Each structure stands twice: as C-alpha cells, then as structure tokens.
Amino acid sequence: MLSLPNILTLSRILAVPILLFLLWPGVAEGSLQPKPIDYALAFGLYCLMGITDYFDGYVARSRGIVSRLGAFLDPIADKIMIAAVILLLVFTRDVAGYHVIAALMILLREIIVSGLREFLATLQVSMPVTQLAKWKTTFQLVAFGALILAGALPEMAWIKVVGLISLWGAAVLTLITGWDYLRVGLKHMD
C-alpha cells in the first residue's frame, strides 16, 4: 500500500494546498496577484508535481507494483491539481476574458469524464486512457506551467502567449476526447 508509486501520488495530493497558498494573491498588500517570487516557487512545485505524475505510473509499471490504491488515487490527484490551478489562475486573472471559456471546458470535461468512469465502473466497463487524452494532458501541463511561469517573469510576455495557445489546444483536445469517452459511455446507458 505504501509503495513508492503510491507515495509519489499521495505527495502530489498533499502538495496541492502548498501550490494554492503560493498562487493565492497577497491579501495583506491588497494585490490581486501573487508576487513574482510566489509564482516562481509555484512553478517549481508545479513542475515537481508533473514529474511525480509521470514517475508514479512509470515506476509502478516497470516494477510490476501497480496497485488498486494507485489506480484509484492517480486520476484523483490529477483532477485535484488541474482544478485547483484552473480556479486560481482564473481568480488571479492570469486566465481572463474569453480564455476562461477554454479553462471551463477543461474543468467541465474532467468532471464529466470522472463521473462517466465511475458510472461505467459499476457496470465493470473500463475506459482506458487514449493516446489523444495523453496529448491533452501534455497540453494542459504546458499551458498551466507557462501561465504560472508568466507570473514569475512578467517582462517576458511570450510565455503567457504560449500558455494561452496551449490552453486552447488543450481545450480543443478536451472536446474531442470528452466526446470519444461520452460515445463509449452512452453505449452502456439505458
């Protein structure tokens, strides 16, 4: 139960409150955005969380220690991290205007697919992760990482542009993969 992959997954969940604290605006200073140093620390933590996301699965598969707990916790850790980052980036206006639509599309897809997976699990139907869904995750990680890094380096506007373009790329892939999962799920509904 406390294998290295599960510890890595749990560490990702436990790191989310720290990430939120770092991205929370400086209330005492009356600022609507965190300080650049807070963004920089958040970016470092976010990267570490992304690395553990890769290695928990890699270590579990390569050592043959895939567990039910890990299979249960890994997608939860991913969803918690993504939802928390989306909410804070919208709150701090790092994602603003019509870009909020892309962020909401990603957040809603995560909720819908999670519910769909839970429903199908009761029918003993699995929905394996597709290659396109892995690309969606990559776009998300790049988008949110770039948007956090842009706060640390506000003089480098191109970083935010990369983040927003990646955000829309992730949103498009979100719609495609969400529809693919929904089509599979609809076949098993009354």
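Just so it is clear, the model here is predicted, and its values are computed rather than measured.

What counts and how
- Numbering of residues begins from 1 in every chain and follows the order in which that chain's sequence is written.
- Selection of residues for local features in this predicted model requires a pLDDT of at least 70, selection of side-chain atom pairs for listing and counting requires 80 or more, and totals for whole chains, interfaces and linings are taken over all residues.
- Note: side-chain values were computed over all heavy atoms of the structure, leaving out hydrogens and water.
- Only DSSP runs of H or I reaching four residues or more are called helices, and only runs of E reaching two or more are called strands; each is numbered from the N terminus.
- This radius of gyration counts C-alpha atoms alone. The globule rule is 2.2 Å times how many residues there are, raised to the power 0.38.
- For every residue, the accessible area (1.4 Å probe, protein chains only) is compared with the maximum for its type, and the residue is labelled buried under 20%, exposed over 50%, or partly exposed between those bounds.
- Residue contacts are defined here by distance: any two heavy atoms, one from each residue, within 4.5 Å place the two residues in contact.
- Note on areas: Shrake-Rupley with a 1.4 Å probe; residue coverage comes only from the protein chains shown.
- Helix axes use the C-alpha atoms of the stretch in contact, all axes being lines fitted to C-alpha atoms, and the angles between their N-to-C directions lie in the range 0 to 180 degrees.
- Angles below 35 degrees are treated as roughly parallel, those above 145 as roughly antiparallel, those between 65 and 115 as roughly perpendicular, and all remaining angles as oblique.
- By the definition used in this description, the sense in which the near helix is turned from the far one sets the handedness, with an anticlockwise turn below a right angle giving left-handed and a clockwise turn giving right-handed.
- For this classification, the nonpolar set comprises Ala, Val, Leu, Ile, Met, Phe, Trp, Tyr, Cys and Pro, the charged set comprises Asp, Glu, Lys and Arg, and every other residue, Gly included, is treated as polar.
- UniProt positions are given in the numbering used here, feature names are shortened, and annotations may be inferred rather than shown by experiment.
- Here, nonpolar core means buried Ala, Val, Leu, Ile, Met, Phe, Trp, Tyr and Cys residues that are tied together by side-chain atoms lying within 4.5 Å of each other.
- A pair of Phe, Tyr and Trp rings is counted when the ring centres sit within 6.5 Å of each other, with Trp represented by its six-membered ring. The angle between the planes then sorts it: under 30 degrees is stacked, over 60 is edge-to-face, the rest tilted.
- The criterion is that NZ of a Lys, or CZ of an Arg, lies within 6 Å of the ring centre and within 35 degrees of the ring normal, and then a charge sits over that ring.

### Topic: the overall build of the protein chain
Phase 1 of the analysis: Tallying secondary structure elements over the protein chain gives 6 helices and 0 strands in all.
Phase 2 of the analysis: Along the chain direction, N to C, the helices and strands of the protein chain fall in the order α-α-α-α-α-α.
Phase 3 of the analysis: Since a compact globule built from 190 residues should have a radius of gyration of about 16 Å, the 17 Å found for the protein chain is in line with a globular shape.
Phase 4 of the analysis: The dimensions of the protein chain, computed from C-alpha atoms along their principal axes, are 50 × 35 × 25 Å.
Phase 5 of the analysis: For the protein chain, with 190 residues in total, the buried portion stands at 41%.
Phase 6 of the analysis: Look at the contacts in the protein chain between residues 6 or more apart in sequence, and 76% of them connect residues 24 or more apart.
Phase 7 of the analysis: When the accessible surface of the protein chain is summed, it comes to about 10,700 Å², and 73% of that surface belongs to carbon and sulfur atoms.

### Details of the packing of helix α1 (residues 4-23) against helix α3 (residues 68-91)
Phase 1 of the analysis: Orientation of α1 relative to α3, taken along the N-to-C sense of each, is 10 degrees, at an axis distance of 9 Å. Considered as vectors, α1 and α3 are oriented roughly parallel to each other. You can see that α1 and α3 cross each other, and the crossing is left-handed. Contacts from N6, T9, L10, R12, I13, V16, L19, L20 and L23 of α1 reach α3 at L69, G70, L73, D74, A77, D78, I80, M81, A84, V85 and L88.
Phase 2 of the analysis: The class makeup of the residues in the contact of α1 with α3 is 14 nonpolar, 3 polar and 3 charged.

### Remarks on the UniProt feature "transmembrane region" (unreviewed entry) in the protein chain
Phase 1 of the analysis: Cross-referencing UniProt, the feature "transmembrane region" (unreviewed entry) maps to residues 40-59, 71-91, 137-159 and 165-182 in the present numbering.
Phase 2 of the analysis: When the span residues 71-91 is considered, its composition is 100% helix and 0% strand, and the gap between its end C-alpha atoms is 31 Å.
Phase 3 of the analysis: Between the end C-alpha atoms of residues 165-182 there is a gap of 26 Å, over a span that is 100% helix and 0% strand.

### Observations regarding the nonpolar core
Phase 1 of the analysis: L19, F144, I148 and L167 are the most contacted members of the largest nonpolar core, which has 31 residues in total.
Phase 2 of the analysis: Contributing elements (two or more residues each) for this core: α1, α2 (36-63), α3, α4 (99-122), α5 (131-152) and α6 (157-186).
Phase 3 of the analysis: Here this core takes 7 residues from α3, the largest share from any one element.
Phase 4 of the analysis: With residues up to four places along the chain from it excluded, the contact list for L167 reads V95, H99, A102, A103, I106, A143 and F144.
Phase 5 of the analysis: The next biggest cluster of nonpolar side chains, apart from the first, holds 6 residues, and it includes L120, M127, A133 and Y181.

### Describing unusual backbone geometry
Phase 1 of the analysis: For R93, which is not glycine, the phi torsion reads 70 degrees and is therefore positive.
Phase 2 of the analysis: For R93, a relative accessible area of 56% puts it in the exposed group.
Phase 3 of the analysis: Of note in the backbone geometry, Q124 takes a positive phi value of approximately 60 degrees without being a glycine.
Phase 4 of the analysis: You can see Q124 is positioned in the loop between α4 and α5.
Phase 5 of the analysis: On the accessibility criterion, Q124 (76% relative accessible area) is exposed.

### Topic: the packing of aromatic side chains
Between two aromatic rings, the relevant description is the distance of the centres plus the angle of the planes.
Phase 1 of the analysis: Counted according to the given criterion, the structure contains 5 aromatic pairs.
Phase 2 of the analysis: Between Y54 and Y58 the ring centres are 5.9 Å apart and the planes differ by 10 degrees, which places this aromatic pair in the stacked class. With Y54 and Y58 both in helix α2 and 4 residues apart, the pair spans about one turn of that helix.
Phase 3 of the analysis: Residue class for Y58 comes out partly exposed when judged on its relative accessible area of 41%.
Phase 4 of the analysis: With 6.3 Å between their ring centres and 85 degrees between their planes, F55 and Y58 make a pair best called edge-to-face. Taken together, the residues F55 and Y58, both in helix α2 and 3 residues apart, mark about one turn of the helix.
Phase 5 of the analysis: Ring pairing ties together the aromatic residues Y54, F55 and Y58, which thus form one cluster.
Phase 6 of the analysis: Across from the ring centre of Y181, 5.1 Å away, lies the NZ or CZ of R117, which sits over that ring.

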